[in-house]
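# Report on the structure
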Amino acid sequence: MRHRAVLCGCGAMAKGWLKALTESDFLRGKVEVVGLVDLDQTTAQALAAEFKLHDIIIGTDLPAVLRQSRADLLFDVVVPAARRAVVAAGLAHGCHVLSEKPMAATLDDARELRRLAVDASRIHAIVQNRRFIDGVRRIRRLIQSGSLGELTALHCDFFLGPHFGGFREQMDNVLLLDMAIHTFDAARFMSGKDPLAVYCHEYNPQGSWYRHGAAANAIFEFSDNVAFTYRGSWCAQGANTSWESAWRITGSKGTLIWDGGERFEANVVSGHEGFLRAVEPITVPEAEDRADTHGHASVIERFICAIDTGTVPETDGSDNIKSLAMVFGAIDSARDGKRVTIAA
Ligand SMILES: NC(=O)c1ccc[n+]([C@@H]2O[C@H](COP(=O)([O-])OP(=O)(O)OC[C@H]3O[C@@H](n4cnc5c(N)ncnc54)[C@H](O)[C@@H]3O)[C@@H](O)[C@H]2O)c1
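Quantities reported herein were computed from a predicted structural model and do not represent experimental measurements. (Residues numbered from 1 in each chain as written. Predicted model: local features only at pLDDT ≥ 70, side-chain atom pairs only at ≥ 80, totals over all residues. Heavy atoms only, no water.)

## Remarks on the overall build of the protein
Regarding its fold elements, the protein presents 10 helices and 15 strands. Over its C-alpha atoms the protein spans a radius of gyration of 21 Å, differing by no more than 12% from the 20 Å that the globule rule assigns to 344 residues. Here the protein holds 344 residues, and 54% of them are scored as buried. Taking the contacts inside the protein whose residues are at least 6 apart along the sequence as the reference set, 69% of them involve residues at least 24 apart. If you sum the accessible surface of the protein, you get close to 15300 Å²; carbon and sulfur atoms cover 50% of it. (Helix = DSSP H or I, 4+ residues; strand = E, 2+ residues; numbered from the N terminus. Rg over C-alpha atoms; globule rule 2.2 N^0.38 Å. Buried < 20%, exposed > 50% of the residue type's maximum accessible area, 1.4 Å probe, protein only. Contact = heavy atoms within 4.5 Å. Areas by Shrake-Rupley, 256 points an atom, 1.4 Å probe, with all protein chains shown as cover.)

## Describing helix 4 (residues 62–69)
Within the span of helix 4, buried status applies to Leu62, Ala64, Val65, Leu66 and Ser69. Elements that come into contact with the buried residues of helix 4 comprise strand 1 (3–8), strand 2 (31–37), strand 3 (57–59), strand 4 (73–76) and helix 5 (83–92). Arg70 sits one or two residues past helix 4 and shows a positive phi near 55°.

## Overview of the site of the ligand
Taken together, 21 residues are adjacent to the ligand, and Ala12, Met13, Asp38, Lys101 and Asn129 come closest. In the environment of the ligand, an oxygen atom lies 3.3 Å from a nitrogen or oxygen atom belonging to the backbone of Val78. Within the contact set of the ligand, a nitrogen atom lies 2.7 Å away from a side-chain nitrogen or oxygen of Asn129. Protein burial of the ligand: of its 850 Å² of free accessible surface, 81% is covered by the chains. Comparing atom positions with the cavity grids shows the ligand to sit within the largest pocket. Elements with a minimum of two residues in the shell around the ligand: helix 1 (12–23) and helix 8 (174–191). Within the shell around the ligand, the residues separate by chemical class into 10 nonpolar, 5 polar and 6 charged. (Near = heavy atom within 4 Å. Polar contact = N/O pair within 3.5 Å; in protein donor to acceptor, adjacent residues only side chain to side chain. 1 Å grid on protein atoms, 1.4 Å probe; cavity = no way out; pocket = protein on both sides within 12 Å on 5 of 7 lines; lining within 4 Å. Sits in = over half its atoms within 2 Å of the grid points. Nonpolar A, V, L, I, M, F, W, Y, C, P; charged D, E, K, R; others polar.)

## Focus: the nonpolar core
For soluble globular proteins, the rule of thumb is that nonpolar side chains tend to be buried together. The biggest cluster of nonpolar side chains holds 78 residues, and the ones touching the most others in it are Phe184, Phe220, Phe228, Tyr230 and Ile249. Non-local contacts of Phe184, meaning those with residues more than four positions away in its chain, are made with Leu176, Phe220, Phe228, Tyr230, Met326, Val327 and Ala330. (Core = buried A, V, L, I, M, F, W, Y, C linked by side-chain atoms within 4.5 Å.)

## Some remarks on the sheet that holds strand 12 (residues 254–258)
The strand order across the open sheet formed by 9 strands is 14-13-12-11-7-10-9-8-15, and the pairing between neighbours is mixed. The open sheet has two free edges, formed respectively by strand 14 (279–281) and strand 15 (340–341), since each of these has just one partner strand. The pairing of strand 11 (residues 246–251) with strand 12 spans 4 bridges and is classified as antiparallel. Bridged to Arg248 within strand 12 is Ile257. Along the sheet, helix 7 (residues 134–145) contacts strand 7 (151–159), strand 11, strand 12 and strand 13 (264–269); its crossing angle with strand 12, the most-contacted strand, is approximately 175°. Across the face of the sheet, helix 10 (residues 317–336) comes into contact with strand 8 (195–203), strand 9 (215–222), strand 10 (226–233) and strand 15 while running at roughly 50° to strand 8. (Pairing = 2+ DSSP bridges. Axes fitted to C-alpha atoms, helices over the stretch in contact; angles between N-to-C directions.)

## Re empty space enclosed by the protein
This structure, assessed with the given rule, holds 1 cavity of 30 Å³ or more. By volume, the largest cavity is sized at about 60 Å³. The wall of the largest cavity is formed by Arg130, Val136, Met179, His182, Thr183, Ala186, Met190, Trp243, Glu244, Trp247 and Trp258. When residues in the lining of the largest cavity are grouped by element, the largest group, 5 residues, is from helix 8. Residues that form the lining of the largest cavity fall into these classes: 7 nonpolar, 2 polar and 2 charged. (Points joined across faces, edges and corners; volume = space filled by probe spheres on them.)

## A word on the sheet that holds strand 3
Sheet strands pair via backbone hydrogen bonds, and the direction of the pair is either parallel or antiparallel. Ordered by their spatial adjacency, 6 strands build an open sheet running 3-2-1-4-5-6, and the pairing between neighbours is parallel. Each edge of the sheet is formed by a strand with only one pairing partner; in this case those strands are strand 3 and strand 6 (124–126). Across the sheet, the mean angle from the axis of one strand to that of its neighbour is 25°, orientation sign disregarded. Pairing between strand 2 and strand 3: 3 bridges, direction parallel. For Leu36, the partnering residue across the bridge sits in strand 3 and is Ile58. Helix 3 (residues 41–50) rests against strand 2 and strand 3 of the sheet, and its axis sits at about 150° to strand 3.

## Here's the deal with the pairing of strand 10
Bridging between strand 7 and strand 10 involves 7 bridges; their strand directions are parallel. Paired with Ala153 across the strands is Ala227, a residue of strand 10.

## A closer look at the packing of aromatic side chains
In total, this model carries 16 aromatic pairs according to the counting rule given. Centroid distance Phe184 to Tyr230: 5.1 Å. Interplanar angle 85°. Geometry classified as edge-to-face. One end of the pair, Phe184, is in helix 8; the other, Tyr230, is in strand 10, and 46 residues separate them in sequence. Accessibility assignment for this pair places Phe184 and Tyr230 in one class, buried. Measuring from ring centre to ring centre gives 5.6 Å for Phe222 and Phe228, while their planes differ by 40°; the resulting arrangement is tilted. For Phe228, a relative accessible area of 0% translates into the label buried. A network of ring pairs unites the aromatic residues Phe158, Phe164, Trp209, Tyr210, Trp234 and Trp243 as a single cluster. The ring of Phe264 has Arg138 lying over it, and the distance from NZ or CZ to the ring centre is 4.5 Å. Across from the ring centre of Phe164, 4.6 Å away, lies the NZ or CZ of Arg168, which sits over that ring. (Phe/Tyr/Trp six-rings, centres within 6.5 Å; stacked < 30°, edge-to-face > 60°. Lys NZ or Arg CZ within 6 Å of the ring centre and 35° of its normal.)

Okay, structure coming up:
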């Protein structure tokens, strides 16, 4: 079946979606974009012209465009503050909805969207494109293989200094809500563990060009006695890490270092004697399926496959709300200055 999609929110990220939809053979065959919606009609028109989307419905009124275009899919690429109303409109129309991250602007909104999706018997899934990359897939497989022994901890550093302009420089908790959601989701996915509790110190460093919360340091307790530590800043210039962060992952038998790019270094203990035991390198396995390493295109493909086969996609709201709960747990902890238990 060929799906009819309306994309709502025609800003910067929408171009990434339309690029993925046009460049993936699978998606080109499966999805037709039949409508574009934005608060600003000219923004939507400009996007349609750029991607040569002729004969589609363009408007500012989402329910009207969904109705007129007879869409069965809604692609939600609006700013987080608008997400609840946009997703609710899509579900009310009977669409399956794929939303940009974060799943919602509050945990209560996310729970409400879960309820609406269940009541409508429709899928509401979230774009967590940064788990659909080669390195993260390879690390998950390495951890699952048991080569590092029992997983004990994941540590990551995220230090960049991007000048976005726009909504990010005005929003509260910018690093945790807009970026760390990716990193927390990747940690949860790689480890296969559940987040239980967090202590977080969040602040806005001297010289920050963001209004609030450009840096954070968080310690998470995961299930099975696994620790996850995060040190991040979005106003640290001079020695950038990868957008995927720089990782050190320890198990009972050894350690994996990943620079967030091409460099992996994994060693496990090989000797039984000495103050520091001898180690030997091990190979990090390839990703199980290359189709899962193409970021946005992979997320959208998985979403479509789940609809077509009646299955639940990997980033369905029922699971992804746990990543959002990590973010809001960290925000609550930083606000109250204490350890917070995490409840999705
Ligand atoms: N997954 C990623 O890697 C990634 C990267 C960047 C942004 N994002 C996410 O994508 C979303 C959009 O970010 P962006 O950078 O494109 O922002 P943007 O400000 O460039 O674009 C957002 C667009 O949504 C429109 N909009 C806002 N409210 C609307 C509403 N109620 N109805 C219709 N249109 C509405 C705005 O007019 C604007 O054109 C955010 O949730 C952001 O976190 C994800």
